[in-house]
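# A look at the structure
One-letter residues, chain by chain:
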Amino acid sequence: MAAASALMSKRAPVAIESVPPVGAPAPPVREPVPEGTGPLDQTPVHQDAEDVRGNVAKTVGRRSRTTRLLLGSAGLLAVALSAVLLTRWLVTFGFMQDFLSTYPGETELPGGAEPGFPAWVQWQHFFNFFLIVLIIRSGLQVRRETRPPGYWTPKKSSGNGKISLTLWFHLALDILWLLNGLVFVVLIFATGHWMRLVPTTWEVLPNALSALIQYISLDWPTENGWVNYNSLQMLAYFVTIFIAAPLAAVSGARMSGLWPREAATLNRIYPVEWARAVHFPVMLYFIAFIIGHVALVFATGALRNLNHIYGGQDAVNWVGFGIFFASLLLVVGAWIAARPVVLAPIAGIFGRVSSR
Ligand code: HEM
């Protein structure tokens, strides 16, 4: 009871450890008390005491999380700083200087690659960003959701293929994203823009390493995105377009209702567990890519870079930034609007929406 009233009092009692004098026998070690058998647990505890106990646990939990976060950030900063110093020291050696001059960080483009960003690249890049933000958000919602806000059933189905409204939204966005990607791939090969995104020589590998060294040593490679990306950038775009996006699509399709469940051999060759093991890490890749990509866009001449992909011009003025800002407002608007009251009528055009 005394313990309970101590917990109920406004100020939590502070345990002061008495230090035994030197040479005194060690105090008896207290056996850990199994949960539910301690004096506190046997006493009928007042609700307030439980609240206080909950609050204390929450505060301790929050504090240890903050401590872990601080320690983690300090560790990360220390690793980053060491990497910068080590790389700066390494590049003072002759063999590194030779490497950097042999591989400056970009490869020559095959003849015929046009500089710049035509209007279709600008549009497709914006639509891709718009969709991927909502895809990631709805994908995470599908994972977390225990009680969906509604359900959607395809029109021609007799009750089969019923999915949550959130999953319907995720899949609908996926279809638009894949269509956008397909049109992009067709257009880059039809126009020659592919030469800026697809490596055509193995030299791209040492050049990407060279660009990475230049980034880490904080002596960044020359920016010339209007004409030619550096090799690290080219590889990152190539992996995103030709590896990550198809992996997301193939693993997503395997988990969706579109996949033929009866195809026993196919399902044995490609089990759904594989798809699950791939889909989430691919999403993490996209998040990491977007963070790194946007950070570099802003750190390497924001106005000029934004003018490239949003304004279609190689100039330093606020036009591209203005269009980028308007596009961000659209993304935020869609993020806010994407709730059941708005989604249900749209989903209703393509199928049956029900509350159960
Ligand atoms: C706020 C979001 C974004 C901003 C501000 C942004 C900005 C840019 C800029 C400025 C460029 C041109 C780079 C240069 O001139 O050197 C570019 C190119 C590119 N970005 Fe983004 N980006 C964003 C989101 C994304 C997302 C979500 C993806 C893919 C998941 C993506 C994929 C690409 C690709 C593949 C290119 C190369 C385009 C081409 O040459 O056709 N970006 N981006």
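In the nomenclature of an unreviewed UniProt entry, the protein is known as Thiosulfate reductase cytochrome b subunit of Arthrobacter subterraneus.

Before going further, it helps to spend a moment on the overall build of the protein. Within the protein, the secondary structure is distributed over 13 helices and 3 strands. Within the protein, buried positions represent 31% of all 356 residues. Summed over its atoms, the accessible surface of the protein is roughly 22,900 Å², and 68% of this surface lies on carbon and sulfur atoms.

This brings us to empty space enclosed by the protein. Using the criterion set out here, one finds 1 cavity of 30 Å³ or more in the structure. As a volume, the largest cavity reaches approximately 30 Å³. Residue lining of the largest cavity: E106, T222, E223, N224, G225, N228, Y229, N230 and Q233, and that is the complete set. Its residues assigned to classes, the lining of the largest cavity comprises 1 nonpolar, 6 polar and 2 charged.

The next subject is the UniProt feature "transmembrane region" (unreviewed entry) in the protein. Mapped onto the present numbering, the UniProt feature "transmembrane region" (unreviewed entry) falls on residues 69–91, 123–140, 165–190, 234–253, 274–298 and 318–338. Counting secondary structure, residues 69–91 comes out at 96% helix and 0% strand; the distance between its end C-alpha atoms is 33 Å. Between the C-alpha atoms that bound residues 274–298 the distance is 37 Å, and the span itself is 100% helix and 0% strand.

The final tally for this structure, using the stated rule, is 1 salt bridge. A salt bridge links R304 to D314; the nearest nitrogen and oxygen atoms lie 2.8 Å apart. With a gap of 10 residues between them, R304 in helix 11 (residues 302–311) and D314 in the loop between helix 11 and helix 12 (319–337) connect regions that are remote in the sequence. Residue R304 is classed as partly exposed on the basis of its relative accessible area, which comes to 27%.

The subject of this paragraph is the packing of aromatic side chains. How two aromatic rings sit relative to each other is given by the distance of their centres and the angle of their planes. Taken as a whole and judged by the stated rule, the model has 27 aromatic pairs. Here W177 and F286 contribute two aromatic rings whose centre-to-centre distance is 5.7 Å and whose plane-to-plane angle is 80 degrees, an arrangement assigned as edge-to-face. Of this pair, W177 sits in helix 6 (residues 165–191) while F286 sits in helix 10 (residues 272–299), and the two are 109 residues apart along the sequence. The exposure classification of W177 matches that of F286, with both residues buried. Ring centres of Y229 and Y237 lie 4.8 Å apart, and the angle between their planes is 80 degrees; this geometry places the pair in the edge-to-face category. Y229 gets classed as buried once you look at its relative accessible area, which sits at 8%. Here the aromatic cluster, defined as three or more aromatic residues joined through ring pairs, consists of F117, W177, W226, Y229, Y237, Y285, F286 and F289. Cation over ring: R137 sits above W335, and NZ or CZ is 4.4 Å from the ring centre. Across the ring face of Y270, the terminal group of R254 is positioned such that the distance to the ring centre comes to 5.8 Å.

The next subject is the coordination of the iron atom of the ligand. For the iron atom of the ligand, the full set of protein donor atoms is H125 (NE2) and H293 (NE2), and the range of their distances to it is 2.0 Å. Around the iron atom of the ligand sit 6 donor atoms, and with donor-metal-donor angles ranging over 85 to 179 degrees the site reads as octahedral. Of the two residues, H125 is situated in helix 5 (residues 119–144) and H293 in helix 10; the sequence distance between them amounts to 168 residues.

This part is about the packing of helix 7 (residues 204–216) against helix 8 (residues 231–255). The contact between helix 7 and helix 8 brings their axes to 7 Å, and the two run at 110 degrees. Taken together, the axes of helix 7 and helix 8 are roughly perpendicular relative to one another. Between helix 7, through V204, L205, N207, A208, A211, L212 and Y215, and helix 8, the contact on the second element is made entirely by S231, L232, M234 and L235. Of the residues belonging to the contact of helix 7 with helix 8, the class tally is 9 nonpolar, 2 polar and no charged.

Turning our eyes to something else, we now look at the environment of R356. Considering the arrangement of structural elements, one finds R356 in the segment after strand 3 (351–354). The spatial distance from the C-alpha of R356 to the C-alpha of R147 is 10.0 Å, given a sequence separation of 209 residues. The contact partners of R356, leaving out residues within four places of it in the chain, are Y151 and K162.

In low-pLDDT regions, the fine details of the predicted coordinates are not to be read closely. With 86% of its residues at a pLDDT of 70 or more, the protein has an overall mean of 87. Helix 1 (residues 2–8) is the least confidently modelled element of the protein, averaging 37 in pLDDT, while helix 12 averages 98, the highest of any element. Residue range residues 1–43 is modelled with pLDDT below 50. Its contacts to residues more than four positions away, or to other chains, number 19 contacts.

On to the side chain of S251, then. Within the secondary structure layout, S251 lies in helix 8. Within the local environment of S251, its side chain forms a polar contact with the side chain of H279, the two groups lying 2.8 Å apart. In contact with S251, other than residues within four places in its own chain, are Y270, A275, V278 and H279.

Turning our eyes to something else, we now look at the site of the ligand. The environment of the ligand is made up of 25 residues, and the closest members are H125, H193, Y229, H293 and H308. Residue H125 places a side-chain N or O atom 2.8 Å away from a nitrogen atom belonging to the ligand. Within the side chain of Y229, an N or O atom sits 2.4 Å from an oxygen atom of the ligand. At the level of elements, helix 5, helix 8, helix 10 and helix 11 are the ones that each hand at least two residues to the shell around the ligand. For the shell around the ligand, the leading source of residues is helix 10, giving 6 residues. Considering only residue class, the shell around the ligand consists of 17 nonpolar, 8 polar and no charged.

Reading guide: rules and limits
Residues numbered from 1 in each chain as written. Predicted model: local features only at pLDDT ≥ 70, side-chain atom pairs only at ≥ 80, totals over all residues. Heavy atoms only, no water. Helix = DSSP H or I, 4+ residues; strand = E, 2+ residues; numbered from the N terminus. Buried < 20%, exposed > 50% of the residue type's maximum accessible area, 1.4 Å probe, protein only. Areas by Shrake-Rupley, 256 points an atom, 1.4 Å probe, with all protein chains shown as cover. 1 Å grid on protein atoms, 1.4 Å probe; cavity = no way out; pocket = protein on both sides within 12 Å on 5 of 7 lines; lining within 4 Å. Points joined across faces, edges and corners; volume = space filled by probe spheres on them. Nonpolar A, V, L, I, M, F, W, Y, C, P; charged D, E, K, R; others polar. UniProt positions renumbered as here; feature names shortened; annotations may be inferred. Salt bridge = Lys/Arg side-chain N within 4 Å of Asp/Glu carboxyl O. Phe/Tyr/Trp six-rings, centres within 6.5 Å; stacked < 30°, edge-to-face > 60°. Lys NZ or Arg CZ within 6 Å of the ring centre and 35° of its normal. Donors = N, O, S within 2.8 Å, 3.2 Å for Na, K, Ca; no water. Tetrahedral: all angles 85-135°; square planar, octahedral: opposite > 155°, others 65-115°. Axes fitted to C-alpha atoms, helices over the stretch in contact; angles between N-to-C directions. Parallel < 35°, antiparallel > 145°, perpendicular 65-115°, else oblique. Contact = heavy atoms within 4.5 Å. pLDDT = per-residue confidence, 0-100. Polar contact = N/O pair within 3.5 Å; in protein donor to acceptor, adjacent residues only side chain to side chain. Near = heavy atom within 4 Å.

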